Amino acid sequence: METSGFNQRHLLGIDHLSASEIDLILDTADSFVEVSTRNIKKVPALKGRTVVNLFFENSTRTRSSFEIAAKRLSADLINFNSSVSSLKKGESLKDTVLTLEAMNPHIIVIRHSAAGAPRYLTTFARSCIVNAGDGFHEHPTQALLDALTIRQRFGKLRGLKIAVVGDILHSRVARSNLILHQKMGNPVNLVGPPSLVPLEFERMGARVFYDLKAGVKDVDIVMMLRVQEERGAGNYFPSIREYRRLFEINAEVFATAAPDAIIMHPGPLNRDVEIETSLADSDRSVILQQVNNGIAVRMAVLYLLKGESNEAAH
Amino acid sequence: MKLLIKNGRLVDPHSRVDDTVDIQIDGSVIQNIQPRLEPEKGCRVIDAAGLVVCPGFVDMHVHLREPGNENKETIQSGVEAAVHGGFTSVACMPNTKPVNDNRSVTEYIIARARKCGLANVFPVAAISMGLEGKNITEMADLAAGGAVGFSDDGRCVMSADLIRKALEYCRMLDLPIIEHPEDHSISGEGLVNEGLISYKYGMRGILNAAEEVIVARDIILQDRIRSRLHLTHISTSRAVELIRDAKSNGIPVTADATPHHLLLNEEKITTYDTVYKVKPPLRTEADRLGLVEGVRDGTIDCIASDHAPHTRDEKDKEFEYAPFGAIGLESTVSVIYDRLVRTRIISLNRMVELMSTNPARILNLKDRGQVTRGKPADLTVLDLNRRFSIHEAAFRSKANNCPFLKWEGMGKVAFTIVGGKVVYASGD
């Protein structure tokens, strides 16, 4: 497979990628989509390499998606799960990573509640670092799998209009998608209550809407974000009831989007809070396709990074 | 022991002198200042030709960490850092363990500092017991023990009623209340300046308003109380404007700014380097320029480092988990001279005002901040023609969390003289 043109040692965020590198990841992912349709869903690309899943936040889909991706590439994989609270008591992140690195892994996939934690790892670790979500900062593989899904549906990734709806302030998915679509030249609408959608995002090139109908009008992609009740929703909006009334996407509102528009959600869903359950299950919804594409995209990322550049260090 | 400093250019805003003179020191006191003095027999002579002699610099906001956090800094390492950086006096904040909220802690700090014998250490005591913001400390007793001001630094006094009472009560002591202006209900769990950068890099922000509402509150209270109010580490241009307005309306208020807020902006945090994690956070370039203008036009009275040492391990962490604070005792003089004086934003005379005359006046240190016959011989001697480079290996501080590491430029401390003793000479 052609891998020239990908000069990243780590995947820390979409911000660090060029548009052509994004295209390359998605092209690579396309070929891995095919692998996943085979009877034997395994290629030897990363045979003999070790991937560490280092998750400091709860995650099922992202962690298992990376796990399957690594295994389908024939890599060895270990899972290291830790709640941040237990980490606070004992070992520092640096010591944890140095300990794991003493076992010579090639790639460390990290999810952490603190923004910048993956970047911090690159200041001392030898492995390739893949950001699987850092605080409110970035979740690059989510934006990439979203992009793959969009490309499959529309046959292109450029010339599309997108609306992202919900808790933009606390969403790494929103940030990574915003950055990705700006690199592709796509207009991005951010929709939600002002307390969750700072106007400063307009200085990043987005348009901010407080009215759902206005925000999704004529867009090709409606991306709903999970209402994160664990973030203390009450501080940012008065009640789920009022939030639902203003920002839940339903068939009626969705009808104002472009005729062939799709609806996306990074999951997990709050059915009938941010998304009407019948809409989530309709043929306009690509939510499960997103999950499925997660594997191919993560295979592509692991494959392109390979842990090759640190070979000399070992 | 006699010491004669010959041929130096004395810059002393207090006595409005900027001239080449000789300074005769006898014991710990300045004996004579004359255009030409001949050394007496047995008198040590420092040839200060080409050097600038200033009243000893006073850093009115440092954390020496002792008692309680001696792993970060001790009084010994702190005063070594002070004289290495050209400071003859420092005022240390009360957030030690135990808190400096009673006379025994104040006296302990002074006794320890005296034993070290390098820089003068003036303790700032707490406003409230345990820094809890509930009951005011025994301010008169603390003052009698040597406290030079009161502050709940790090924890702003959130109760307007309590700060009112503290301001009123300490009026009889003629000592300042030093407010760390931060509305904690606004700043919350914030890590960096709130704005485009905090949103883009996914970190909780601290609005400018967190500082400004307290600055405004305190100024309004002070308008009636007319006590002594000092606002420390001002970081926003709006706060500078509020202070400028207050001063023009005759409200007694003074303020300081740190070198890092004067010389750095929020863009530094985009690499998540914890050395730039400070409180208040590094602000926008517009705020920085507003602050520099405040220093230039007299709104800001002092430059203070907020020297906040932390261990290497404490700072070697995820940005979110690292403690706030940067050290500055050993970089402030050089970076301020090089970036503000050499660039002609402020004069050398103004720099001395900001770093000696004014902090001494604000802390009511009647003998300091001046080069006057009969007063203690505290002098900072600068060599403006020598290059500096800030590097960790040279630090006397235990810590290395300095945001000016690797900075280079012109202007070094040549000698630091405290009480007539040369406590630092470059080349040492």
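Residues numbered from 1 in each chain as written. Chains lettered and ligands numbered in written order. Predicted model: local features only at pLDDT ≥ 70, side-chain atom pairs only at ≥ 80, totals over all residues. Heavy atoms only, no water.

**Q** Pulling in residues and values, what's your account of the overall build of chain A?
**A** The helix and strand inventory of chain A stands at 13 helices and 9 strands. For 314 residues, the compact-globule formula gives about 20 Å, and the C-alpha radius of gyration of chain A, at 19 Å, lands near that figure. On the principal axes, the C-alpha backbone points of chain A span a range of 55 × 45 × 35 Å. The 314 residues of chain A split such that 59% are buried. Residue pairs in contact within chain A that sit at least 24 positions apart in sequence constitute 74% of those at least 6 positions apart. Accessible surface, chain A: about 12,400 Å² in total, of which carbon and sulfur atoms supply 49%. (Helix = DSSP H or I, 4+ residues; strand = E, 2+ residues; numbered from the N terminus. Rg over C-alpha atoms; globule rule 2.2 N^0.38 Å. Buried < 20%, exposed > 50% of the residue type's maximum accessible area, 1.4 Å probe, protein only. Contact = heavy atoms within 4.5 Å. Areas by Shrake-Rupley, 256 points an atom, 1.4 Å probe, with all protein chains shown as cover.)

**Q** Can you tell me about the nonpolar core, naming the residues and giving the values?
**A** Core analysis: the largest hydrophobic core is formed by 99 residues, its most contacted members being F150, I234, L262 and M351 of chain B. A per-element tally of this core places helix α12 (residues 332-341) of chain B first, with 6 residues. When residues of this core are assigned to domains, at least three fall in each of domain 1 (2-53 + 375-425) and domain 2 (56-362) of chain B. Listed in part, the 95 residues of the second largest apolar core include L17, L24, A75 and A132 of chain A. (Core = buried A, V, L, I, M, F, W, Y, C linked by side-chain atoms within 4.5 Å. Domains from an automatic or database assignment.)

**Q** Give me the packing of helix α2 (residues 61-72) of chain A against helix α13 (residues 287-305) of chain A: which residues, what numbers.
**A** Residue and element names in this part refer to chain A. At a minimum axis distance of 8 Å, the contact between α2 and α13 shows a crossing angle of 55°. It follows that α2 is oblique to α13 by the angle criterion. Both α2 and α13 take part in a crossing whose hand is right-handed. Mapping the contact onto sequence places R61, T62, S65, F66, I68, A69, A70 and R72 in α2 and V291, G294, I295, R298, M299 and L302 in α13. (Axes fitted to C-alpha atoms, helices over the stretch in contact; angles between N-to-C directions. Parallel < 35°, antiparallel > 145°, perpendicular 65-115°, else oblique. Left-handed = near helix turned anticlockwise from the far one by under 90°.)

**Q** Can you explain the environment of H61 of chain B? Please cite residues and give values.
**A** All names here are of chain B. Take H61: it is sitting in strand β6 (residues 57-62). Here the alpha-carbon distance between H61 and D256, two residues 195 residues apart in the chain, equals 9.0 Å. Discounting residues that sit within four places of it in the chain, H61 has contacts with A91, M93, D153, T232, H233, A304, S305, D306 and H307. A polar atom in the side chain of H61 sits 3.4 Å from the side chain of H63. A polar contact of 3.1 Å, which involves the side chain of H61, links it to the side chain of D153. (Polar contact = N/O pair within 3.5 Å; in protein donor to acceptor, adjacent residues only side chain to side chain.)

**Q** Go over the packing of aromatic side chains with me, naming the residues and quoting the values.
**A** This model, assessed by the stated rule, comprises 9 aromatic pairs over all chains. Ring geometry for Y120 of chain A and F124 of chain A: centres 5.2 Å apart, planes at 65°, overall edge-to-face. Of the two residues, Y120 of chain A and F124 of chain A, both sit in the buried class. Here the aromatic rings of F237 of chain A and Y243 of chain A are separated by 4.8 Å at their centres, their planes lie at 40°, and the arrangement is tilted. The two residues F237 of chain A and Y243 of chain A agree in class, both being buried. Clustering of aromatic rings is evident, with ring pairs tying together F237, Y243 and F247 of chain A. Here the basic side chain of K279 of chain B rests over the ring of F324 of chain B, its NZ or CZ set 4.8 Å away from the ring centre. (Phe/Tyr/Trp six-rings, centres within 6.5 Å; stacked < 30°, edge-to-face > 60°. Lys NZ or Arg CZ within 6 Å of the ring centre and 35° of its normal.)

**Q** Tell me about the pattern of salt bridges, and name the residues and values.
**A** Under the criterion given, the structure shown has 40 salt bridges over all chains. Notably, a salt bridge pairs D141 of chain B with R103 of chain B, separated by 2.9 Å at the nearest N-O pair. Note that D141 of chain B is positioned in helix α3 (residues 139-145) and R103 of chain B in helix α2 (residues 103-116), a separation of 38 residues in sequence. Ionic pairing is found between R244 of chain B and D297 of chain B, a salt bridge with its closest N-O pair at 2.9 Å. Highlighted residues: R244 of chain B in helix α8 (residues 237-248) and D297 of chain B in helix α10 (residues 285-297), separated in sequence by 53 residues. In this structure R244 of chain B comes out as partly exposed when scored by relative accessible area, which is 28%. Each of D27, D30 and R151 of chain A takes part in one network of salt bridges that share partners. (Salt bridge = Lys/Arg side-chain N within 4 Å of Asp/Glu carboxyl O.)

**Q** Go over the pairing of strand β5 (residues 162-165) of chain A with me, naming the residues and quoting the values.
**A** Residue and element names in this part refer to chain A. The alternating pattern of β5 places I162 and V164 on one face and A163 and V165 on the opposite face, and all of these are buried. Handedness of the crossover joining β5 and strand β6 (residues 188-191) through helix α7 (residues 172-183): right-handed. Bridge count for β5 against strand β8 (residues 221-224) is 4 bridges, and the pairing is parallel. Residue pairing across strands places V165 opposite M224, the latter belonging to β8. (Right-handed = clockwise from strand over helix to strand, strands pointing away. Pairing = 2+ DSSP bridges.)

**Q** Before we move on, can you summarise the sheet that holds strand β13 (residues 253-257) of chain B with the specific residues and values?
**A** All names here are of chain B. Pairing in this open sheet of 4 strands is parallel, and the strands run β9-β12-β13-β14 from one edge to the other. The open sheet has two free edges, formed respectively by β9 (177-179) and β14 (302-303), since each of these has just one partner strand. Sheet topology note: the strand β12 (residues 229-231)/β13 ladder contains 3 bridges and is parallel. In the strand pairing of β13, L231 is matched with A255. The sheet contacts of α8 involve β12 and β13, and relative to β13 the element is tilted by about 150°.

**Q** A description of the interface of chain B and chain A should follow, citing residues and the corresponding values.
**A** Taken together, the 17 residues of chain B in the interface contact 25 residues of chain A. Between chain B and chain A the total buried area reaches about 1,800 Å² when both faces are included, carbon and sulfur atoms providing 60% of it. Here chain B is connected to chain A by 2 salt bridges. One salt bridge connects K94 of chain A with D316 of chain B, and the closest N-O pair in it is separated by 2.5 Å. Summed over the shared surface of chain B and chain A, the number is 8 residue pairs in polar contact (both at pLDDT 80 or more). Residues belonging to the side of chain B that touches chain A are distributed by class as follows: 7 nonpolar, 4 polar and 6 charged. (Buried area = accessible area lost by both parts, 1.4 Å probe. Nonpolar A, V, L, I, M, F, W, Y, C, P; charged D, E, K, R; others polar.)

**Q** How would you sum up the domain arrangement of chain A? Please name residues and give values.
**A** Residues and elements named next belong to chain A. Examined at the domain level, chain A breaks down into domain 1 (14-139 + 292-309) and domain 2 (140-290). One C-alpha centre belongs to domain 1, the other to domain 2; they are set 25 Å apart. At the interface, 32 residues of domain 1 touch 31 residues of domain 2. A combined buried area of about 2,600 Å² lies between domain 1 and domain 2, and 57% of that area is made up of carbon and sulfur atoms. In terms of surface lost to domain 2, no three residues of domain 1 exceed I14, F136 and H139, which account for 28% of the buried area on that side.

**Q** Report on the packing of helix α1 (residues 19-35) of chain A against helix α6 (residues 140-154) of chain A, specifying residues and quantitative values.
**A** All names here are of chain A. Running from amino to carboxyl end, α1 crosses α6 at an angle of 70°, the nearest separation of the two axes being 10 Å. Taken together, the axes of α1 and α6 are roughly perpendicular relative to one another. Residues I22, D23, I25, L26, D27, A29, D30 and V33 of α1 lie in contact with α6, whose contacting residues are L144, A147, L148, R151 and Q152. By residue class, the composition of the contact of α1 with α6 is 8 nonpolar, 1 polar and 4 charged.

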